[in-house]
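# Tertiary structure, described
In case you want the letters, here they are:
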Amino acid sequence: MQSPGKSLKEALLCAQSEDRLTVGVYESAKIMTDDPDSVSFCVLAMDEEFEYDIALQIHFTLIQSFCFDNDISIVRVSDMQRLAEIVGDKAEQLEDAHCVLITNPAEGSWEDPALEKLHLFCEESRRLNDWVPEISLPGR
């Protein structure tokens, strides 16, 4: 199996090409509130500069709880800048890449194999009591 980081990058790029990405804490919260069943995967990103941001930590706690309650796979990455480089195509997206959601593919379309690998990785991590595993994104 390829590394979870490579699978995550592939899943993000695939979702982006199919317009199934939501970038930003507030935008993600809106999607989760309006249509929780549409969300397939959640990525939380934290850099050292935001490590002590209490408001962001509260948002993360609420997002994690929501994901657990709605059976949404969730991972953390420690390099928000790299995540922003992968998913960002607008300046405002680069500033709030703390949370990225991948929504489900349209009915009748093929499942993304990279996303399936990530779901399996998260399932295995939960069996080992690692509820929000951390993934390292590959370099450029």
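Remember, it's a predicted structure, so these values are computed and weren't measured experimentally.

Most of strand 4 (residues 99-103) sits out of view: five of its five residues are buried. Of the two faces of strand 4, the one lined by Cys 99, Leu 101 and Thr 103 and the one lined by Val 100 and Ile 102 are each fully buried. Looking at chain direction, strand 1 (residues 21-23) and strand 4 are connected through three bridges and run antiparallel. The residue of strand 4 that forms the bridge with Val 23 is Val 100. Both strand 2 (residues 39-45) and strand 4 contribute to a ladder of five bridges, which runs antiparallel. Bridging across to strand 4, Val 39 finds its partner in Thr 103.

Here we come to unusual backbone geometry. The phi torsion at Asp 19 lies on the positive side, around 55°, for a residue other than glycine. Along the chain, Asp 19 falls in the loop between helix 1 (4-17) and strand 1. Judged by its relative accessible area of 70%, Asp 19 is exposed. Residues other than glycine seldom take positive phi values, yet Asn 129 does so here, at roughly 60°. By secondary structure assignment, the location of Asn 129 is in the loop between helix 6 (113-127) and strand 5 (134-135).

Reading the values: rules and limits
Residues numbered from 1 in each chain as written. Predicted model: local features only at pLDDT ≥ 70, side-chain atom pairs only at ≥ 80, totals over all residues. Heavy atoms only, no water. Buried < 20%, exposed > 50% of the residue type's maximum accessible area, 1.4 Å probe, protein only. Helix = DSSP H or I, 4+ residues; strand = E, 2+ residues; numbered from the N terminus. Pairing = 2+ DSSP bridges.

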